[in-house]
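# Examining the three-dimensional arrangement
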Amino acid sequence: MLDFPRWKTIGISLILLLGLIFTIPSFLPEKTTETLPGLFQSRVNLGLDLAGGSHLLLEADLSDFDAVQLEKMERSVRQAMRGEPGPDDDVAIGEVTRGNGQLSFIVRELTQLDEARERVNRLTQGVTQGTQLTGQRDWEVSFVDTTRVVLRATAAGRTAAIANAMDSARDIVDRRVNALGTREPTIIREGNDRIVVQVPGLQNPQQLKDLLGQTARLEFRMVDENANPAEVAAGRAPVGSEIVPYAESSDQAGGFEVLKRQVMISGDQLINAQQQFDQQSGQPVVSISFDSGGANTFARVTTQSVGKRFAMVLDGKVLSAPSINEPILGGSAQISGNFTVDSANGLAIALRSGALPVKMTIVEERTVTPELGADSIRKGVLAGIIATTAVLVFMIVVYGRFGIYANIALIFNIFLIIATMAAFNATLTLPGIAGFVLTIGAAVDANVLINERIREELKRGRKIMDAVDTGYKEASRAIFDANITNVIAAALMFWFGSGPIKGFAVVLTIGIVTSVFTAVTVTRMFVAHWLRRTRPTTINI
Amino acid sequence: MRLLKLVPDDTNIDFLRWRNVAMAISLLSIIAAVALVAVRGLNFGIDFVGGQSVRVEFVGAAPNIDELRSKVDAIGLGEATIQQFGNSNAVNIRTALPEGGEKTAEEAGRKLVAGITAAYPQAKTGAVETVSGKVSGELLRTGAISLALAMLAISLYIWIRFEWQFGVAALFALFHDVTLTFGFFALTQLQFDLNIVAAILTIIGYSLNDTIVVFDRIRENLKKYRKMEIISLLNLSTNETLSRTIMTATSIIMALAILVFFGPDVIFGFSAAMLLGIFIGTYSSIYMAAPILVWLKVGPDSFIPRTSAAVAGGERVTRNDDGAVV
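The structure displayed is predicted, hence computed values, not measured ones.

Definitions and cut-offs
- Residues numbered from 1 in each chain as written.
- Chains lettered and ligands numbered in written order.
- Predicted model: local features only at pLDDT ≥ 70, side-chain atom pairs only at ≥ 80, totals over all residues.
- Helix = DSSP H or I, 4+ residues; strand = E, 2+ residues; numbered from the N terminus.
- Rg over C-alpha atoms; globule rule 2.2 N^0.38 Å.
- Buried ≥ 20, exposed ≤ 12 C-beta atoms within 10 Å, placed from the backbone.
- Domains from an automatic or database assignment.
- Pairing = 2+ DSSP bridges.
- Contact = placed C-beta atoms within 7 Å.
- Nonpolar A, V, L, I, M, F, W, Y, C, P; charged D, E, K, R; others polar.
- Core = buried A, V, L, I, M, F, W, Y, C linked by C-beta atoms within 7 Å.
- Axes fitted to C-alpha atoms, helices over the stretch in contact; angles between N-to-C directions.
- pLDDT = per-residue confidence, 0-100.
- Parallel < 35°, antiparallel > 145°, perpendicular 65-115°, else oblique.
- Left-handed = near helix turned anticlockwise from the far one by under 90°.
- Expected span 1.5 Å × (residues − 1).
- Arc of directions from axis to C-beta.

Right, let's get into the overall build of chain A. In terms of helices and strands, chain A carries 15 helices and 21 strands. On C-alpha atoms alone, chain A measures out to a radius of gyration of 35 Å, which is more than a quarter above the 24 Å that the 2.2 N^0.38 rule sets for 541 residues. Along the three orthogonal principal directions, the C-alpha set of chain A runs to about 110 × 60 × 45 Å. Buried positions account for 43% of the 541 residues belonging to chain A.

Below, the structure is given as structure tokens:
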């Protein structure tokens, strides 16, 4: 027991000193730590339940994903069959139908069958997984009755397409959240079809939620002026057109327009979108400008169609359908649709960041205001201080000198937990604070085990040195076994838990490891040095 | 300085004498807990059934609950569950998932917040949570799986480190602790949410902590006093570790009680569950785990390898009576 090598003393002291040093940055204001050298910048992060903020879980609505993919494929096929300009290059197709998860059409000229086959095959790609080719194509092409071509997405192709869509959805969500000027948002993909958005310190998450709830697929389409009103009233639109309802927020909510299916210009041809006020009415509007391709198209169509009407369609709902009074040549336009300043601003951000490839819905939300978070921290820290004081007093009253050693170890344990959390940039949550208090109550268990064992061994008549030595040795086994069970429980919590509970599991696990170190190794050092120095003949324990 | 001794020296309490009575009480409590859960059910929070939950802080005192309820019911989201936090001016208002599926939890949450703000313009909504039916279903499933896994994994560990009888005894003690905690939540109708599952996992960890210390001593004494009758041996082991059991339990209970009374009311249920669990866990390691060992016929031979090398193993064990070799 007396034999406690110098290198061990130095090593332990060094660890304790490091623990102390790396605890400090977490208690300094963030502005101060940013000026410190890199090593000292790491600090404990506060979870959303303490810092205040919003946790949103978005889930992709994949119900019409396949239909949209088919629609896109149809457009690609039509474009490919039209080929390069010049009549010779056209492959004439017809009877294009979509449904049952497949797209089919017939090639009109038998002589063009090979050409058609080649062009369709060029539209399909091999599916990659990571960087590896899987050997599967994303679409399966088959021929029925000689001239009918059938395209069907393969399972691998569908999975890859969804993964692709989710990746770009994540990027778009990222751009939108950042456009709101939020501080340190976290946006990560989760599972196959989910995105987690965490934004700290947000006072009003409503704006953010509105923004993320919008797909923001913008289309400019011509109104079909030739539709037969009787047919339309019966719910039938002419070939090449469809009936599109007005948005709920618009003046004409409940009404509808008959629009050409063909999209004149779409949102991906935008280069900018800004919230502004209409010069005549003073209403908030969104002014947009197109890239050169979009601007040319817009100029051409509006020149040809003066006097006709076009519709601005957002996410499948008509916002407004103004008449074209004169050709619009500058490549910019104004979207009006009964906006408030906030909703116009939101739409501008959504348009700038691009349309989501899939519709996202919020399936889970947890928002805490910064005030409530601050209140929780205050009460949690208060409870922590009272609990620590109570445990410290208790240990001294029961174990005297050995209690003081245990207390010094306990205080170092607190520093080590904070320092370790800072080093790993771990997040402290409200249940984490509870875990902290629990750890303080439980950390002395190891010392209790040791000290009780020493008492026992003394009673059995062992000499002091021998009793202390046996006490440490015998108790260590139980301490180890008992703490393993806690780690198992904490590991499972980390596995299943959401943010706050993960935070609890982290504190618990770190606390278990550091408390075994401080309660066994550190106190042993103190006791060994004391015994060597004073060589007591009786000890009071 | 005279030191405080919570437990007098050399106690010789005949714990095992009461084992049948204790076991009867425990079994009755387990049956009562199961019946409570079956009859009253657990007051599941939105984590597990979906829905909307808003924490509202009023300026001054919170309004009369009946008045508040009628105003919340008028919002049209069905019947609200309103829970008051101790002495504070804050309440938690919860409404069930709207009819028509999962997409609307978030919309219903907006409606609830808007309705409350309209009825009480001064009140602040400190926390808003909405969980859709799909997500709550997943949370319930993973929560249940993790509880079952924790109990199995820990029992398995004890089986490996000790013997199968100890693993079974530990599993039974855990089952006892977890069931009684469920019963407590059914009785008090405190909200049962994700945090409570975490609390139960913690209880599982700490209850076992206690059990293991007793088991460790039993193992040591089994090797030391090979002739001693098992009941006396278990009594001796429990008495020898009693002082430690009481000390540690006191320390943890003190810390947790302070957390319950001074800590944030947001995690009241969480802290209360852990506090209760420590009580139950301490009782069960003395009165559940040890008696089961008697029935499973643990004896000195339990730690001797049942191979042809039994004699050699016996020698080895006696030589290393510190238990370093198992």
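So, next bit.
For the rest of this paragraph, the subject is the overall build of chain B. For chain B, the count of helices and strands is 10 helices and six strands. Rg of the C-alpha trace for chain B: 25 Å, well past the compact-globule value of 20 Å for 326 residues, more than 25% over. Taking the principal axes of its C-alpha atoms as reference, chain B extends roughly 80 × 50 × 30 Å. Across the 326 residues of chain B, 47% fall into the buried class.

Right, let's get into the domain arrangement of chain B. The domain architecture assigned to chain B consists of domain 1 (15–41 + 137–319) and domain 2 (51–131). Its C-alpha centre places domain 1 of chain B at a distance of 40 Å from the equivalent point of domain 2 of chain B.

Our focus in this paragraph is the pairing of strand β17 (residues 310–314) of chain A. Residue and element names in this part refer to chain A. Within β17, five of the five residues are buried, leaving the element largely enclosed by the surrounding structure. On β17, burial covers both faces: Phe310, Met312 and Leu314 on one face and Ala311 and Val313 on the other are all buried. Relative to strand β18 (residues 317–320), β17 is paired through three bridges, and the arrangement is antiparallel. The residue bridging Leu314 from the neighbouring strand is Lys317, located in β18. Between β17 and β18, which follow one another and run antiparallel, lie two residues, and Asp315 among them has a positive phi close to 50 degrees.

If you look at the interface, chain B gives 62 residues, while chain A gives 62 residues. For the side of chain B that touches chain A, the secondary structure elements donating two or more residues are α4 (105–119), β5 (124–131), α5 (133–161), α7 (194–224), α8 (230–262) and α9 (268–295) of chain B. Within the side of chain B that touches chain A, the residues separate by chemical class into 34 nonpolar, 17 polar and 11 charged. In this structure, strand β20 (residues 359–368) of chain A lies alongside β5 of chain B, joined through five bridges in antiparallel fashion. Looking at β5 of chain B, one finds that Glu365 of chain A is bridged to Thr130 of chain B.

For the rest of this paragraph, the subject is the domain arrangement of chain A. Per the domain assignment, the segments of chain A are domain 1 (6–49 + 369–534), domain 2 (65–160) and domain 3 (214–367). Each of domain 2 of chain A and domain 3 of chain A has a C-alpha centre, and the two are 30 Å apart.

Quick look at the nonpolar core now. Val437 and Met493 of chain A together with Ile200, Leu201, Ile204 and Ala255 of chain B are the most contacted members of the largest nonpolar core, which totals 223 residues. Per element, the largest residue contribution to this core is 17 residues, and it comes from α7 of chain B. Leu70, Phe105, Val107 and Trp139 of chain A belong to the second largest nonpolar core, which has 15 residues in total.

All names here are of chain A. Taken in spatial order, the four strands line up as β3-β4-β8-β7 in an open sheet, and their pairing is antiparallel. Bordering the open sheet on either side are β3 (93–99) and β7 (139–144), each of which pairs with just one other strand. When the angles between neighbouring strand axes are averaged without regard to direction, this sheet yields 20 degrees. Along the sheet, helix α5 (residues 113–123) makes contact with β4 (102–107), β7 and β8 (148–153), crossing β8 at roughly 10 degrees.

Another aspect to go through is the environment of Leu110 of chain A. All names here are of chain A. Structurally, Leu110 can be placed in the loop between β4 and α5. In this structure Leu110 comes out as exposed when scored by C-beta crowding, with 9 C-beta atoms within 10 Å. Between the C-alpha atom of Leu110 and that of Phe526, which follows or precedes it by 416 residues, the distance is 95 Å.

Before going further, it helps to examine the pairing of strand β19 (residues 332–335) of chain A. Residues and elements named next belong to chain A. Burial along β19 is one-sided: Ala333 and Ile335 are buried, while Ser332 and Gln334, pointing the other way, are not. Bridging between strand β16 (residues 284–290) and β19 involves four bridges; their strand directions are antiparallel. Bridging across to β19, Ile288 finds its partner in Ala333.

Turning to the environment of Met274 of chain B, a few remarks are in order. As for its placement among the helices and strands, Met274 of chain B is situated in helix α9. The residues touching Met274 of chain B, leaving out its near neighbours within four places in the chain, are Leu438 of chain A together with Ala199, Thr202, Ile203 and Leu256 of chain B.

So, about the confidence of the model for chain B. Residues and elements named next belong to chain B. When pLDDT is averaged across chain B, the result is 83; 90% of the residues are at 70 or more. Here helix α10 (residues 310–319) is the element of chain B with the lowest mean pLDDT, 41, and helix α1 (residues 19–39) is the one with the highest, 93. What the predictor reports for the complex is a pTM of 0.80 with an ipTM of 0.84.

This part takes up the packing of α1 of chain B against helix α6 (residues 164–188) of chain B. Residue and element names in this part refer to chain B. At a minimum axis separation of 8 Å, α1 and α6 run at an interaxial angle of 45 degrees. Taken together, the axis directions place α1 and α6 in an arrangement best described as oblique. In this structure, α1 meets α6 at a crossing whose hand is left-handed. Residues Ser26, Ser29, Ile30, Ala32, Ala33, Val34, Leu36 and Val37 of α1 form the contact with α6, whose participating residues are His176, Thr179, Leu180, Phe182, Gly183, Ala186 and Leu187. Residues of the contact of α1 with α6, tallied by class, amount to 10 nonpolar, five polar and no charged.

What follows deals with the sheet that holds β17 of chain A. Residues and elements named next belong to chain A. The strand order β14-β11-β17-β18 describes an open sheet built from four strands, whose pairing is antiparallel. Of all the strands in the sheet, just β14 (265–266) and β18 have a single pairing partner and so form its edges. Across two bridges, the pairing between strand β11 (residues 218–222) and β14 is antiparallel. When the bridges of β14 are listed, Glu219 appears paired with Ser266.

Let us look at helix α10 (residues 341–353) of chain A. All names here are of chain A. Over its 13 residues, α10 runs 18 Å from end to end, which matches the ideal 18 Å to within 8%, given 1.5 Å per residue. Of the positions making up α10, those classed as buried are Ala344, Asn345, Gly346, Leu347, Ala348, Ile349, Ala350, Leu351 and Ser353. Just downstream of α10 lies Gly354, where phi reads positive at about 100 degrees.

Here the focus is the packing of helix α13 (residues 430–459) of chain A against α7 of chain B. At their nearest, the axes of α13 of chain A and α7 of chain B sit 13 Å apart, and the two run at 0 degrees to each other. Viewed along their axes, α13 of chain A and α7 of chain B adopt a mutual orientation that is roughly parallel. Residues Pro431, Leu438, Ala442 and Leu449 of chain A of α13 of chain A touch α7 of chain B, and the partners they reach there are Asn195, Ala198, Thr202, Tyr206 and Val213 of chain B. Each residue belonging to the contact of α13 of chain A with α7 of chain B can be placed in one class, and the counts come to seven nonpolar, two polar and no charged.

With that out of the way, let us pick up α1 of chain B. Side chains that are three or four residues apart share a direction in an α-helix, a result of its 3.6 residues per turn. Residue and element names in this part refer to chain B. The terminal C-alpha atoms of α1, which comprises 21 residues, lie 29 Å apart, in line with the 30 Å expected from a rise of 1.5 Å per residue. All of the buried residues in α1 are Arg19, Ser26 and Ala33. In an axial view of α1, the angular spread of the buried residues amounts to 50 degrees, which keeps them on one side of the axis. In α1, the exposed positions that point more than 90 degrees away from the buried face belong to Asn20, Val21, Ala24, Leu27, Leu28, Ile31, Ala35, Ala38 and Val39. Against the buried residues of α1 lie α6 and α9. Just downstream of α1, Gly41 is the residue with a positive phi angle, here 75 degrees.

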